[in-house]
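Chain by chain, the residues run as shown.
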Amino acid sequence: MVRTPTALLSPADQERRRALRTMKGVALGALIGMAVLFCVAFVLQRDVEAWGYVRAAAEGGMVGALADWFAVTALFRHPLGIPIPHTAIIPKRKDEIGRSLGEFVETNFLSGEVVEKKLGSTAISKNLGTWLSSPEHARRVGTESATLAANVLRALSDDDVQDLIGDLARDHLLNPQWGPPAGTWLGKVVESNAHHGAVDLAVDSIATWLHNNQSYFSGLLSKRLPSWVPSLAHRFVDDTAYKEAVKFVGAVQADKEHQARHAIDAYLAKLADNLQHDPVTMAKLEDAKSAVFDSPRVRELAGEAWNTVKVGLLESLENPTSTLRARIDAAIFDFGQRLTRDDALQARLDAWITQAAVFVVERYKHDIASIITDTVERWDPSETTEKIELMVGKDLQFIRLNGTIVGSLAGVLIYTIAHAVLGA
């Protein structure tokens, strides 16, 4: 039979193999010892009758040792390589053993009632809160979470993410009409006079600009006058236009009921109504929206924004001293503290975990148990035999040793009874 190379065994399996070999040596030594003792007693019993008892004990010990050796060996391989029926049981019935083990686990362990009872008796959330309340543990969870998040970000395809963002934007921003919602929102703003602050800011900004930019009015109107008009008139026209503009803006600033303000109110109210009911206005807004979002530059900016966000997140996640990492650690620690104090939160979390575990077990218990069956079926028969023998072989060698001892006692007992009954 092909053996698993020692170099491929785990340290624990290598230790089991050494213990198995030791016990095999002990059991074989007991058999050899009985054989030697039998030979000595067989010769000496001619002169000393008491050696007959020793011979009987040795004879029984050999029989017991050989019988148990055959039984133990037959589990894993053919004794002496002879294909005796009903030997090499494990390699021949490997798949059946795997199915039986899977059924046993499914029936006795993967039961909703068993899982619910076990989880119900365990203070899961309280123990979790106590564990997370340690700054070291919270930092460890934060580090692992940051590493996982960074790996997920690296695994994401930039093109796929950009396409996803584009699809979401199209489904939730571009395809729905903007006119009616925008009109409704604008109508509420105008109705509540919430736009007056924005109007005041605009008027103040225009007044400030006029105060600082009188030179922009030079030639603004005069350059359109006939050439025969005197230059003095040119300056007069420009100065008059500037003063009238300043005067008008100042009047709007001072008078909250100015006609210009009412005109703005009326325009915004009309615009709000048109956005909700006028097909032409709504179509213009849709055309403008499409022109903006269908622009290649906008798509390029969206890609650049994603790349910027991704790089920034990766840098923050990978830097143990970053603000993001500190907040993650603090949030985990605070959550642990709250779990230890909030009985209601503990009860809700325990109930959620229990319900989720019961649901998973009840729905997928056959699939979970099939992992055992499928795994065993994929194993090579010799590999299966090796694994099982390493796990239980040492204890089975004790059976051989016990068989030697029990056989010896049985041999002595049988010989004594026979000598007492028939020997007289």
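Keep in mind that this is a model prediction, so the values were computed, not measured. Along each chain, the written sequence defines residue order, and numbers are assigned to residues from 1. The model is predicted, so local features are restricted to residues of pLDDT at least 70 and side-chain atom pairs to those at 80 or more, both for listing and for counting; the totals for chains, interfaces and linings are taken over all residues. Computation of side-chain values: all heavy atoms of the structure, hydrogens and water removed.

*Asks:* Just checking my understanding: could you explain the overall build of the protein for this structure?
*Replies:* A count of helical and extended segments in the protein gives 17 helices and zero strands. We take the radius of gyration over the C-alpha atoms and set the globule estimate at 2.2 Å times the residue count to the 0.38 power. The globule rule puts the C-alpha radius of gyration for 424 residues at 22 Å, and the 46 Å found for the protein is more than 25% above it. Burial here depends on accessible area, computed with a 1.4 Å probe over protein chains only, as a share of the maximum for the residue type. Under 20% is buried, over 50% is exposed, and the range in between is partly exposed. Of all 424 residues assigned to the protein, the portion counted as buried reaches 28%. Whether two residues touch is decided by their heavy atoms; if any such pair falls within 4.5 Å, the residues are in contact. The long-range share in the protein, meaning contacts at least 24 apart out of those at least 6 apart in sequence, stands at 69%. Only carbon and sulfur atoms are counted for the fraction: they give 64% of the accessible area of the protein, which is about 27500 Å². Residues scored as charged are limited to Lys and Arg (positive) and Asp and Glu (negative), so that His and the chain ends carry no count. Each charge is placed at NZ for Lys, CZ for Arg, CG for Asp and CD for Glu. The centroid of the 45 positive side-chain charges in the protein is displaced by 5 Å from the centroid of its 52 negative side-chain charges. Helix and strand labels come from DSSP, where a helix needs a run of H or I of at least four residues and a strand needs a run of E of at least two; each type is numbered from the N terminus. For every accessible area listed, the method is Shrake-Rupley and the probe measures 1.4 Å; residues are considered covered only by the protein chains on display.

*Asks:* I keep staring at the packing of aromatic side chains and nothing clicks. Help me out?
*Replies:* Centre distance and the angle of the planes are the two values used to describe a pair of aromatic rings. Each aromatic pair joins two rings of Phe, Tyr and Trp (for Trp, the six-membered one) with centres within 6.5 Å, and gets the label stacked for planes under 30 degrees apart, edge-to-face for over 60, and tilted for any other angle. Applying the stated criterion across every chain, the model contains three aromatic pairs. Look at Tyr53 and Tyr415: their rings are 5.0 Å apart centre to centre, the planes differ by 80°, and that puts the pair in the edge-to-face class. Placement of the pair is Tyr53 in helix α2 (residues 51-76) and Tyr415 in helix α17 (residues 381-422), with a sequence separation of 362 residues.

*Asks:* Could you clarify how one ought to interpret the side chain of Asp68 in this entry?
*Replies:* Mapped onto the elements, Asp68 comes out in helix α2. Salt bridge, as used here, is a side-chain nitrogen of Lys or Arg placed within 4 Å of a carboxyl oxygen of Asp or Glu. Of the side chains with opposite charge, Arg400 lies nearest to the buried Asp68, which makes no salt bridge, at 7.8 Å. Non-local contacts of Asp68, meaning those with residues more than four positions away in its chain, are made with Ile399, Arg400 and Gly403.

*Asks:* Is there a simple way to explain the nonpolar core in this structure?
*Replies:* Membership of the largest hydrophobic core is limited to nine residues, which are Val199, Val203, Ala207, Leu210, Phe217, Tyr242, Val249, Val252 and Ala260. Of all the elements in the fold, those that place two or more residues in this core are α10 (196-212) and α11 (231-254). A total of four residues in this core trace back to one element, the largest contributor, which is α10. Every residue in contact with Ala260, bar those within four places of it in the chain, is listed here: Phe248 and Val252. Buried Ala, Val, Leu, Ile, Met, Phe, Trp, Tyr and Cys residues form a nonpolar core when they are joined through side-chain atoms within 4.5 Å. Core analysis: the second largest hydrophobic core is formed by seven residues, Ala146, Ala150, Trp306 and Leu314 among them.

*Asks:* Any chance you could explain the side chain of Arg325 here in plain terms?
*Replies:* Note on placement: Arg325 falls in helix α15 (residues 323-341). This buried residue, Arg325, is left without a salt bridge; Asp329 holds the nearest opposite charge, at 5.0 Å. In this structure the side chain of Arg325 is engaged in a polar contact, spanning 2.6 Å, whose partner is the backbone oxygen of Leu317. Residue contacts for Arg325: discarding those within four places in its chain leaves Gly142, Thr143, Ala146, Ser316, Leu317, Glu318, Asn319 and Pro320. Pairs of N or O atoms within 3.5 Å make up the polar contacts considered here, provided that, within protein, one atom can donate a hydrogen while the other can accept it, and that residues adjacent in sequence are counted only when both atoms are side-chain atoms.

*Asks:* Looking at this structure, how should I read the environment of Gln337?
*Replies:* Residue placement: Gln337 occurs in helix α15. Relative accessible area serves as the criterion here: at 25%, Gln337 is assigned to the partly exposed category. In sequence terms Gln337 and Leu128 are 209 residues apart; their C-alpha atoms lie 9.9 Å from each other.

*Asks:* Would you take a moment to explain the pattern of salt bridges for this structure?
*Replies:* Counting across every chain of the model gives eleven salt bridges. For Asp200, the salt bridge is made with Lys256, and the minimal N-O distance between the two is 3.5 Å. Of this pair, Asp200 sits in helix α10 while Lys256 sits in the loop between α11 and α12 (259-277), and the two are 56 residues apart along the sequence. According to the relative accessible area criterion, Asp200 is partly exposed, its value standing at 22%.

*Asks:* I keep staring at unusual backbone geometry and nothing clicks. Help me out?
*Replies:* Working note: non-glycine residues mostly have negative phi, and peptide bonds are mostly trans. We note that Leu80 has phi near 60°; this positive angle belongs to a residue other than glycine. Considering the arrangement of structural elements, one finds Leu80 in the loop between α2 and α3 (89-92). Although it is not a glycine, His86 adopts a positive phi angle of roughly 65°. Along the chain, His86 falls in the loop between α2 and α3.

*Asks:* What is the right way to read a nonpolar patch on the surface from this model?
*Replies:* Exposure above 30% relative accessible area and the absence of a salt bridge qualify a residue for a patch, where like charges join within 9 Å and nonpolar side chains (Val, Leu, Ile, Met, Phe, Trp, Tyr) within 5 Å. On the surface, a nonpolar cluster with roughly 560 Å² of combined accessible area is contributed by Leu28, Ile32, Val36, Val40, Phe42, Val43 and Leu44. By secondary structure assignment, the location of Val43 is in helix α1 (residues 11-44).

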